[in-house]
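Below, each chain spelled out in residue letters.
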Amino acid sequence: MIYVLRHFIVVLALVLLHTITVLAQGTTVTLSGVLRDKTTAAPLSFARIMLRTASDSTNAGGALTTQDGRFRMSGVKSGLYVLSVSYIGYRTISRSILVGKLSQFLDLGTIELEPEAKKIGEITVTAEQDAVSPKMDKKVFSVENNISQTGGSVLQAMKNLPGITVDQSGKVLLRGSDKVAVLIDGKQTALTGFGNQAGLDNIPASAIEKIEIIANPSAKYDANGNAGIINIVYKQNKQEGFNGKAGLIAGLGALIQKRENLPDIRPQYQATYKVNPSLSLNYRESSVNAFFQGDALWQKALKKNEFIERVYDDGRRINEQFLENNTQAALTFKGGLDWQVSNDDALTVSALFYREGHIDRGDLPYDNAVTVQRQRLWVYYEDEVNTSVNASASFLHKFEQPGHTLGVNFNYTFHREDEKFDFSNTLFINGSAGQTRRTSFDTTALIADENVSDLNIEYVRPLETGRIEVGTKLRWRYIPTRMVFSPGENSTLDLTAAGSATYNEIISALYGNYVFESKFVEVEAGLRMEYVNVGYAIDPNQRIYKSDGYAYLQPFPSVRAAYIIDERNKISLFYNRRVDRPDEPDLRIFPKYDDPEILKTGNPTLRPQFTQTIEAGYKTTWEQGYVYAAAYHRITNNILTRILTTTPGNTLINSITQNAGDGFNTGVEVIWNQDVEKWLSFSIALNGYQNTISAFSILNTYPFNTPFSTDEETAYSGNAKLNATFHIAEGIDVQFTGVYLAPDVIPQGRIDARYAVDIGAKASIQNGKGELFLNVSDLLNTMQIRKNLQSTGFRVLSADLYETQVIRIGYSYKF
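A brief look at the structure comes next.

## Section: the nonpolar core
By size, the foremost hydrophobic cluster in this structure holds 51 residues, and its most contacted members are Trp378, Tyr380, Tyr536, Tyr552, Tyr593, Ile653 and Tyr702. It is strand S24 (residues 521–538) that provides the largest number of residues to this core, a total of four residues. Contacts of Tyr536, omitting those with residues within four sequence positions, involve Ala501, Thr502, Tyr503, Ser547, Asp548, Gly549, Glu584, Leu587, Arg588, Ile589 and Pro604. Membership of the second largest hydrophobic core comes to 29 residues, among which are Met158, Val172, Val180 and Ile184.

## As for the sheet that holds strand S1 (residues 29–37)
In spatial order, the strands read S4-S1-S7; together these three strands make up an open sheet with mixed pairing. This sheet does not close on itself; its edge strands, each paired only once, are strand S4 (70–76) and strand S7 (105–113). Averaged over all pairs of adjacent strands, the angle between strand axes in this sheet comes to 20°, irrespective of strand direction.

## Brief notes about the side chain of Thr620
The residue Thr620 is located in strand S28 (residues 609–622) in this model. Relative accessible area serves as the criterion here: at 18%, Thr620 is assigned to the buried category. Looking at Thr620, its side chain comes within polar contact range of the side chain of Asn569, at 2.8 Å. When sequence neighbours within four positions are dropped, the list of residues in contact with Thr620 reads Arg568, Asn569, Tyr626 and Val627.

## Here's the deal with unusual backbone geometry
In this model, Tyr702 is joined to Pro703 through a cis peptide bond whose omega is -5°. Positive phi outside glycine occurs at Asn781, with the angle close to 60°. Mapped onto the elements, Asn781 comes out in the loop between strand S41 (770–777) and strand S42 (785–791). A relative accessible area of 14% means that Asn781 is categorised as buried.

## Regarding the sheet that holds strand S31 (residues 653–659)
The strand order across the open sheet built from three strands is S27-S31-S30, with neighbouring strands paired in mixed fashion. With partners counted over all chains shown, the strands left at the sheet margins are strand S27 (598–601) and strand S30 (640–645), one partner each. Here the average twist between neighbouring strands, direction ignored, is 30°. As judged from the six bridges shared by S30 and S31, these two strands associate in the antiparallel manner. Paired with Leu644 across the bridge in S31 is Ser655.

What counts, and where the lines are drawn
- Residues numbered from 1 in each chain as written.
- Predicted model: local features only at pLDDT ≥ 70, side-chain atom pairs only at ≥ 80, totals over all residues.
- Heavy atoms only, no water.
- Core = buried A, V, L, I, M, F, W, Y, C linked by side-chain atoms within 4.5 Å.
- Buried < 20%, exposed > 50% of the residue type's maximum accessible area, 1.4 Å probe, protein only.
- Helix = DSSP H or I, 4+ residues; strand = E, 2+ residues; numbered from the N terminus.
- Contact = heavy atoms within 4.5 Å.
- Pairing = 2+ DSSP bridges.
- Axes fitted to C-alpha atoms, helices over the stretch in contact; angles between N-to-C directions.
- Polar contact = N/O pair within 3.5 Å; in protein donor to acceptor, adjacent residues only side chain to side chain.

Pasting the structure below:
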């Protein structure tokens, strides 16, 4: 019966699917201009401006010119209009106006009137509105609509988004690449990492309004992140008066054990609790808006439960289990003030405080697979505290012309990583008297202080057929780190690898972006020039590595061209060049001893990887749905990845970050969204791609010089994400989600297929002010990460059976 039910649910979930609902961004346009006397150039005040639809002459808006002859009309929807201008003593004129959707502000320039005015030609302004963003370069998803993952972290919510996958270490992959820039409210912070996504699993999804996926960023965005940008937008209410929302979420995870432990180690965490209270407050009066968002997270989790088999060419085999039980507490507070200083000037100041502490209790037994005897038991206790403080100030000046702005933003982030590891290492020694044990105790302590200062200036000027954007950015990033080893008797620590290092990064950038719109053609072209200087200063007593760094001055162009077939069909072409700079942890020279037999270190000789992307997209819509399809090709030089090696006669493996040659990624993405009936909507997201990693050779220098080379590897992979949302009754929704990730090639090997089914339900109560939800992630407990890695002299087979099944229930109330 259980077998039949299990397969019935799988079939149901794969038939009734839907990717999280994409927000249809309803945009309107503001028209502006100046009215003057053609002979004297004097402004004409209090003239009448009327806008009517071209099809049936329906009144669509109107305005009077100001004393200096200026006019503006807001809230104009896209379409073809007739603009009429009349003034006593002057001849009324009419112009055809095509209003688009790419630019929110359009400048009609100077309109001149004369007593005997000649007929003036057409003015054409065009743009395109699209459910998958007007420019087809961005997808926007409401976290609220992701019912099956409500109550989890932002990282867990991302797993259901089109094109996104998440690996077992918490890295986000977009279209098969983990080089993704993650922003919070449009800015990089240490909370999400400047080259990784370290904090995403600690941000409650309840604090987030929406997630934007920008696969083809324009030149105004930072050049890092070859796969694109993910922008996480916090909730913020701007209603008049005092209002807010309070919520409480509770859950249980790891309900069913996927596999029993190896003998004689601590139990796996089971029935792990999750508690997430949240509170958002907002007060708006006149020109001032104050906001606050607070979240707390207390939980236990089975963060890692990896079973590893190492097979060596000489016949030796070692079975290992990497068990990590995690206990965590996290607090996030975000608050600020919006002040409309005057009609033309606005100031926003905000601050974010984040403190996350966790205790990891790890057991790593190592057994001889041939003799079935224990060789080693490594036990650790990690106490880590991460503290982030972010302060931001933004000033916006509006010129007389609507949409003509100058913005200045300063952003400062401090992040401290305070990590302490206590280890016990027990060796099981076979002798004539039988097996004896020898135990040693060691401690490592790491302090890393990250300081980041960003200054951004942006100028925007609307044009009659688009707009121009120019700007500059300056960044200084400074990270001193210090590692201290405290060895015990019979220590296994490499005492020469401790010490200090300092990461210093300076970035200066200039960019320009031009947007042009006509009735059938759209063009957005930009260039970003970026100068980067990175230095990594190492303690001169370090045995292996020496101080290093790099600098470059590089152009990063981006181009988007679109052809509008009609109001329901559109084709777009994209090209961009981007960079991925090694992050400080990638360079960090200190060994990480959570697994002493697969030892991870950084590499200060790393250089950036550069990527060029070409993409073609097509969008067609109909009354109840749409299909979006894209084909893309990425070429990457100097791929950044970890390489495993071992020295001859040794079973210990070293995992070191390297530049591993070049690679290619070619794929197709399809999103189909459909409202079938009032009670059913679904969406299907498919992404298929070919990954190719060219032949390469590297030299791992820690702890000894070890060369490695491999032939070209190619694999076809992809993923499918299908959801179905059932509107059971007014205010009651049920959602099924199915995710399938195909086998894929990774450096030195392959990763097997993965799949999961989620289910969730929510109900609106208390006249829409309250909401209840219940969901289960990985309903069938099937998600697991299986890898097969091959290196010179050995191969590694692993299966990470970490916690994926979680039941959550929650309640929220708006006031």
